[in-house]
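# Chain and residue survey
What follows is the residue order along each chain.
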Amino acid sequence: MSIAICPGSFDPITLGHLNIIRRTSKIFDRVVVCVMNNANKPNPMFTVEEKLDMVIRAVERYPNVTVDCSSGLLAEYAKQYEGAVIVKGLRAASDFEYEFQMNLINKKINPALETMFLTASEKYTFLSSSIVREMAYYGADLTGLVPNEIIPDIQRKAEIWRSK
Ligand code: PNS
């Protein structure tokens, strides 16, 4: 069985992430979406539990996609799935530089681990979790940026942020 791991900080999950997950689920028998910490993004908007809950609801419609979380290294996490491949989305050349470095460090930790990249769908190349957080902070409409079912979660959290 072919297994893909789609890791990310998902703060929050966007339609760009979901597009990559959906396309990956057509290529691999099984997809594990893993909510992880990104040390370069130390002040997340959502807790891991909140992110997990949103990702689970967002991928519910895909039967071969499951959701997990880990606070460890991705390359170590992947060892439990023999032959699993990391799949990440690339929006632009700037993404490539960072992801290429990540791929190399992951390979250093776990030489058997391969990483594959899917190019972002054109309509989501502008989209990022940070754009969503900023839009939410200003009370902007999030339709078309994140899955509809998690919009109320983001709006609620943005209200708390604004009132601080
Ligand atoms: O959605 P993101 O923020 O681009 O995802 C990045 C993520 C979470 C996949 C990356 O930071 C990661 O792999 N974190 C786990 C810790 C790790 O393995 N870091 C790389 C080696 S130092």
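Higher on the page you've got the structure.
Residues numbered from 1 in each chain as written. Predicted model: local features only at pLDDT ≥ 70, side-chain atom pairs only at ≥ 80, totals over all residues. Heavy atoms only, no water.

The next subject is the overall build of the chain. Within the chain, the secondary structure is distributed over 6 helices and 5 strands. Each helix (α) and strand (β) of the chain, taken in turn from the N terminus, gives the series β-α-β-α-β-α-β-α-β-α-α. Computed over the C-alpha atoms, the radius of gyration of the chain is 15 Å, within 12% of the 15 Å expected from 2.2 N^0.38 for a compact globule of 164 residues. For the chain, the spread of C-alpha atoms along the principal axes amounts to about 45 × 30 × 30 Å. (Helix = DSSP H or I, 4+ residues; strand = E, 2+ residues; numbered from the N terminus. Rg over C-alpha atoms; globule rule 2.2 N^0.38 Å.)

Before going further, it helps to examine the site of the ligand. The environment of the ligand is made up of 14 residues, and the closest members are Ser 9, Asn 37, Asn 38, Lys 41 and Leu 74. Separating an oxygen atom of the ligand from a side-chain N or O atom of Ser 9 is a distance of 2.5 Å. Measuring from an oxygen atom of the ligand, one finds a side-chain N or O atom of Lys 41 at 2.7 Å. Coverage of the ligand by the protein chains reaches 81% of its 550 Å² of free accessible surface. Elements with a contribution of two residues or more to the shell around the ligand: strand 1 (3-8) and helix 4 (93-109). Here the shell around the ligand takes 3 residues from helix 4, the largest share from any one element. (Near = heavy atom within 4 Å. Polar contact = N/O pair within 3.5 Å; in protein donor to acceptor, adjacent residues only side chain to side chain. Areas by Shrake-Rupley, 256 points an atom, 1.4 Å probe, with all protein chains shown as cover.)

As a further point, take the pattern of salt bridges. Two side chains of opposite charge can pair, provided their charged atoms sit close to one another. For the coordinates displayed, the defined rule picks out 10 salt bridges. Arg 57 serves as the salt-bridge partner of Asp 153, at 2.6 Å between the closest nitrogen and oxygen. With a gap of 96 residues between them, Asp 153 in helix 6 (residues 151-162) and Arg 57 in helix 2 (residues 48-59) connect regions that are remote in the sequence. Classification of Arg 57 as partly exposed rests on a relative accessible area of 22%. Arg 91 serves as the salt-bridge partner of Asp 95, at 2.9 Å between the closest nitrogen and oxygen. Residue Arg 91 is classed as partly exposed on the basis of its relative accessible area, which comes to 36%. Taken together, the shared-partner salt bridges in this structure form one network comprising Asp 53, Arg 57, Asp 153 and Arg 156. (Salt bridge = Lys/Arg side-chain N within 4 Å of Asp/Glu carboxyl O. Buried < 20%, exposed > 50% of the residue type's maximum accessible area, 1.4 Å probe, protein only.)

Turning our attention to the packing of helix 2 against helix 6. Two elements in contact, helix 2 and helix 6, have axes whose closest approach is 10 Å; the angle formed by their N-to-C orientations is 155°. When the interaxial angle is binned, helix 2 and helix 6 end up roughly antiparallel. In this structure, helix 2 uses Glu 50, Asp 53, Met 54 and Arg 57 to contact helix 6, whose residues at the interface are Asp 153, Ile 154 and Lys 157. Across the contact of helix 2 with helix 6, the residue classes tally to 2 nonpolar, no polar and 5 charged. (Axes fitted to C-alpha atoms, helices over the stretch in contact; angles between N-to-C directions. Parallel < 35°, antiparallel > 145°, perpendicular 65-115°, else oblique. Contact = heavy atoms within 4.5 Å. Nonpolar A, V, L, I, M, F, W, Y, C, P; charged D, E, K, R; others polar.)

Pairs of packed helices are described in terms of their axes, by the angle between the two and the distance that separates them. One can describe the packing of helix 5 (residues 129-137) onto helix 6 by two numbers: an axis separation of 9 Å at closest approach and a directional angle of 65°. The way helix 5 lies across helix 6 gives a crossing that is right-handed. Each of Val 132, Ala 136 and Tyr 137 in helix 5 lies in contact with helix 6, whose residues at this interface are Ile 154, Ala 158, Trp 161 and Arg 162. Of the residues contributing to the contact of helix 5 with helix 6, the split by class is 6 nonpolar, no polar and 1 charged. (Left-handed = near helix turned anticlockwise from the far one by under 90°.)

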